[in-house]
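Structural description and commentary
Residues per chain are reported as follows:
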Amino acid sequence: MKILPEISRTLSEYLLIPGLTTEDCTPDNVDLGAPLVRHRVGEEPGIRVATPMVSAIMQAVSSPTLAVALAQVGGLSFIHQNQRIEDQAADVLAVKRHKAGFRTSEITVAPQTPLGEVARQLSEAEQGVAVVTRRGDADGEFLGIISLDDFHLERHGDSETAGNRMRDRAGLVTAPASVSLSEANELIWQHHLDVLPVLDDGRVVSLVLKKDYQAHKTYHRATVDGGKRLRVGAGINSRDFKDRIPALTEAGADVLCLDSSDGYSVYQARTLEFARETYGDDVFVGAGNVVDGRAFRYLADAGAAFVKVGIGGGAICTTRAQKGIGRGQASALLDVVQARDAYAQETGVYVPLCCDGGLLNDSHMAMALAMGADFIMLGRYFARLDESPTRKLQIGSQWYKEYWGEGSRRAQNAARYGQRGTMVFEEGVDGYVPYAGSLYDNVERTRTKLISTMISCGSTSLPDFHRDAVLVPVSAESFKQTGAEVQLRQPAIDSGE
């Protein structure tokens, strides 16, 4: 038995001391870009993100819809692995079909599909246009397109068919799969189009929408591969990895990550060894989670592309309460950062760190980045948003989104915790989080806060922030004064509003 001579500290127990804000410290000059995978010191990594935020490997978080949105704003999602291999691979493929500025059609119907059904599907998916194919399958022969502007249910009736109201392929302007985004937009404006189908061998591979034109300009920091396709990650485990890794790689996953509450194990090392021996440097696999330098070194030596830090600090996780295992997120991060920097100096290889857990608000994210994290993984943050796959429901006067942990009974992830196929106890909870709206709005707000913090600290890049940040522990009395000390006004009960 050994007792460490320290107190286990959280991110809430520190504050940043302002640094000199120079004339170079402007929002336009601040670069939040970060490496996602290991690389030689001084060389560019194989994958970078412009926004150092990734989504958690969770059923309640990382859907293809959220993965597309997060990649558009410069982050990256990890499609969860608690599903059949073929289903996870299909989710990855759905994201990879998206090129920057191009979108796949989420709704495909047959000519005989009733207009009432077309309207229902478009409404549920919040889409404006559907593709019509011979048999209604996504890869079928392209016949035309139909949107809500092409029919009116009261005028044409629910039972009228899509084939009678669609815009026929013969009268449409289309483009080949080789078209660039600028060329596609030029065609849209030249021919006064609202949608441009992009075809390959008579099948629709993507759509370019006129209404997305401004979005194309907005998402200039999208996370894309060499073919301008959106990047996406996927979770794996240390049991069926010999089947799951090849399937996800074939589907186009850009980076993989072992999904476990405790990554300091020979099982993760064996998984990393398989990936390295099978694919060499062509497949990146992150590992974790860890809370000290020993575990980091073990996984880095095994070939981890990055290492996740944090056990028991997540909003949905109960590992500490159930098993007594974990460490305050700040203490864990500071220890592992020291080990990472020593490893880089010794080997010439930089292994990025992902802070996973203990991030309850935007200031915690800033603190984690200041302490040395390269990027942060978030579950609750993304679960609250429109793009997460869970239901939105109203409880009283408040709207919520469902949220459950991978260690909860609802997730049915018994194998992840080695409980022989039966969940004897849970390491996560099942509940709700307050609904927060659009991912695009929330991530932009968070980016703005992080940039503002870095400016106050005199930093214009994350490496500068890692090097120059000055932190101080917060006493209990100081902590009391970090929030508002007034009764906040509630507009709903203010008679003047």
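Residues numbered from 1 in each chain as written. Predicted model: local features only at pLDDT ≥ 70, side-chain atom pairs only at ≥ 80, totals over all residues. Heavy atoms only, no water.

Next up on the list: the overall build of the protein. Each helix and strand counted, the protein has 17 helices and 24 strands in total. Residue burial in the protein is summarised as follows: out of 497 residues, 52% are buried. Of the contacts made within the protein by residues no fewer than 6 positions apart, 65% connect residues no fewer than 24 positions apart. Accessible area for the protein stands at about 23,600 Å²; split by element, carbon and sulfur atoms hold 48% of it. (Helix = DSSP H or I, 4+ residues; strand = E, 2+ residues; numbered from the N terminus. Buried < 20%, exposed > 50% of the residue type's maximum accessible area, 1.4 Å probe, protein only. Contact = heavy atoms within 4.5 Å. Areas by Shrake-Rupley, 256 points an atom, 1.4 Å probe, with all protein chains shown as cover.)

The next point concerns the packing of aromatic side chains. A complete count under the given rule lists seven aromatic pairs for this structure. Geometrically, the ring pair formed by Phe-306 and Phe-375 is edge-to-face, given 5.4 Å between the ring centres and 75° between the ring planes. Linking Phe-306 in the loop between α10 (293-301) and β17 (307-309) with Phe-375 in strand β20 (residues 375-378), this pair joins segments that are 69 residues apart in sequence. The exposure class assigned to Phe-375 is buried, which follows from its relative accessible area of 0%. Taken together, a centroid distance of 5.0 Å and an interplanar angle of 80° make the contact between Tyr-381 and Phe-382 edge-to-face. The class of Phe-382 is buried, set by a relative accessible area of 0%. Here the aromatic cluster, defined as three or more aromatic residues joined through ring pairs, consists of Phe-78, Phe-306 and Phe-375. Sitting over the face of the ring of Trp-399, Lys-392 holds its NZ or CZ atom 5.2 Å from the ring centroid. Positioned above the aromatic ring of Tyr-435, the side-chain terminus of Lys-392 is 4.3 Å from the ring centre. (Phe/Tyr/Trp six-rings, centres within 6.5 Å; stacked < 30°, edge-to-face > 60°. Lys NZ or Arg CZ within 6 Å of the ring centre and 35° of its normal.)

Below, the discussion takes up the side chain of Thr-446. Mapping Thr-446 onto the fold places it in helix α15 (residues 439-456). Within the local environment of Thr-446, its side chain forms a polar contact with the side chain of Asp-362, the two groups lying 3.2 Å apart. Residue contacts for Thr-446: discarding those within four places in its chain leaves Met-53, Asp-362, Met-365 and Tyr-381. (Polar contact = N/O pair within 3.5 Å; in protein donor to acceptor, adjacent residues only side chain to side chain.)

Here the focus is the pattern of salt bridges. A complete count under the given rule lists 25 salt bridges for this structure. Measuring nitrogen to oxygen at the nearest pair gives 2.8 Å for the salt bridge that ties Arg-294 to Asp-292. Taking the relative accessible area as the measure of exposure, Asp-292 reaches 14% and is therefore buried. Each of Lys-96, Asp-225, Arg-229, Arg-231 and Asp-254 takes part in a single network of salt bridges with overlapping partners. (Salt bridge = Lys/Arg side-chain N within 4 Å of Asp/Glu carboxyl O.)

Here we come to the pairing of strand β9 (residues 142-147). Of all the six residues making up β9, six are buried; the element is thus mostly covered by neighbouring parts of the structure. Note: strand β8 (residues 129-133) against β9, five bridges, orientation antiparallel. Counted as the bridge partner of Val-131 is Ile-145 from β9. Pairing geometry for β9 and strand β10 (residues 167-168), over two bridges, is antiparallel. Paired with Ile-145 across the strands is Arg-167, a residue of β10. (Pairing = 2+ DSSP bridges.)

The next point concerns the sheet that holds strand β6 (residues 76-79). Taking strand neighbours around the barrel as the criterion, the eight strands line up as β5-β6-β14-β15-β16-β17-β19-β20 in a closed arrangement whose pairing is parallel. Pairs of neighbouring strands in the sheet enclose a mean axial angle of 30°, with direction left out of account. Strand direction decides the pairing type here: β17 and strand β19 (residues 353-356), joined by three bridges, are parallel. Bridged to Val-307 within β19 is Leu-353. Lying on the sheet, helix α8 (residues 241-251) is in contact with β14 (233-236) and β15 (255-258); it crosses β14 at an angle near 170°. In this fold helix α9 (residues 266-279) packs onto β14, β15 and β16 (285-290), with an angle of close to 170° to the strand it touches most, β16. (Axes fitted to C-alpha atoms, helices over the stretch in contact; angles between N-to-C directions.)

Running from N to C, α10 and helix α12 (residues 329-347) point in directions that differ by 40°, and their axes come no closer than 8 Å. With respect to their mutual orientation, α10 and α12 come out oblique. Considering the relative orientation of α10 and α12, their crossing is right-handed. Packed against α10, whose contacting residues are Gly-293, Phe-296, Arg-297, Ala-300 and Asp-301, the element α12 presents Asp-335, Val-336, Ala-339, Arg-340, Tyr-343 and Glu-346 at the interface. (Parallel < 35°, antiparallel > 145°, perpendicular 65-115°, else oblique. Left-handed = near helix turned anticlockwise from the far one by under 90°.)

With that out of the way, let us pick up the sheet that holds strand β13 (residues 203-209). If you walk across this open sheet you meet the three strands as β11-β12-β13, and the pairing is mixed. The sheet is open, and its two borders are formed by β11 (175-176) and β13, each paired with just one other strand. Across six bridges, strand β12 (residues 195-200) lies against β13 in antiparallel orientation. For Pro-197, the partnering residue across the bridge sits in β13 and is Leu-207. Where helix α6 (residues 181-190) meets the sheet, it contacts β11, β12 and β13, and its direction lies at approximately 70° from that of β13.

Purely geometric stuff here, so don't read any function into it on its own.
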